[in-house]
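Observations on the three-dimensional arrangement
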Amino acid sequence: MSKFVAFCVGCILLGSLPIGIERGVRIKTDPYIGHTLKLKTGDIEGRIVRSGEHGLLFFEPKKKQFTFQTWDNIQEIVYAAH
C-alpha cells in the first residue's frame, strides 16, 4: 500500500510542475492589468499573484517586477472589469 501511495504522490507532483511553470510564465508575460492597489504611498497597477496572512505578492507588468505589499500599506484593492 505505501508504494502505491508514494507512486500516486509522485505522479501528482510531476503533473503539477508544468502547471506551476506555465502559470508563472503567463503572469510574467501577459500585460493584462487585473488590479489596482491603492497604497499609502500611491497607486500601483498589476496582478495579484498570491495573498496571505501578511500581505500580497503583486506583479507590476510595466516594471516587470514582483513586489510584496503588507496589509498595513494597502488601503484599497480595485478589480478591473473583465
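Attention here is on the structure that accompanies the text. (Residues numbered from 1 in each chain as written. Predicted model: local features only at pLDDT ≥ 70, side-chain atom pairs only at ≥ 80, totals over all residues. Heavy atoms only, no water.)

**Digging into a nonpolar patch on the surface**
A cluster of nonpolar side chains, namely Phe4, Val5, Val9 and Leu13, defines an oily patch on the protein surface of about 380 Å² accessible area. Within the secondary structure, Phe4 is located in helix α1 (residues 2-29). (Patch = residues over 30% accessible without salt bridge, like charges linked within 9 Å, V, L, I, M, F, W, Y side chains within 5 Å. Areas by Shrake-Rupley, 256 points an atom, 1.4 Å probe, with all protein chains shown as cover. Salt bridge = Lys/Arg side-chain N within 4 Å of Asp/Glu carboxyl O. Helix = DSSP H or I, 4+ residues; strand = E, 2+ residues; numbered from the N terminus.)

**Brief notes about the nonpolar core**
Residues Leu37, Leu39, Ile44, Leu56, Phe58 and Ile74 constitute the largest nonpolar core, which totals six residues. Elements that contribute at least two residues to this core include exactly β1 (35-39) and β3 (55-60). (Core = buried A, V, L, I, M, F, W, Y, C linked by side-chain atoms within 4.5 Å. Buried < 20%, exposed > 50% of the residue type's maximum accessible area, 1.4 Å probe, protein only.)

**Observations regarding the environment of Gln75**
When you line up the elements, Gln75 lands in strand β5 (residues 74-79). In this structure Gln75 comes out as exposed when scored by relative accessible area, which is 56%. A C-alpha to C-alpha distance of 9.8 Å links Gln75 and Gly42, two positions 33 residues apart in sequence. Not counting residues within four places of it along the chain, the set of residues in contact with Gln75 comprises Lys38, Leu39 and Lys40. (Contact = heavy atoms within 4.5 Å.)

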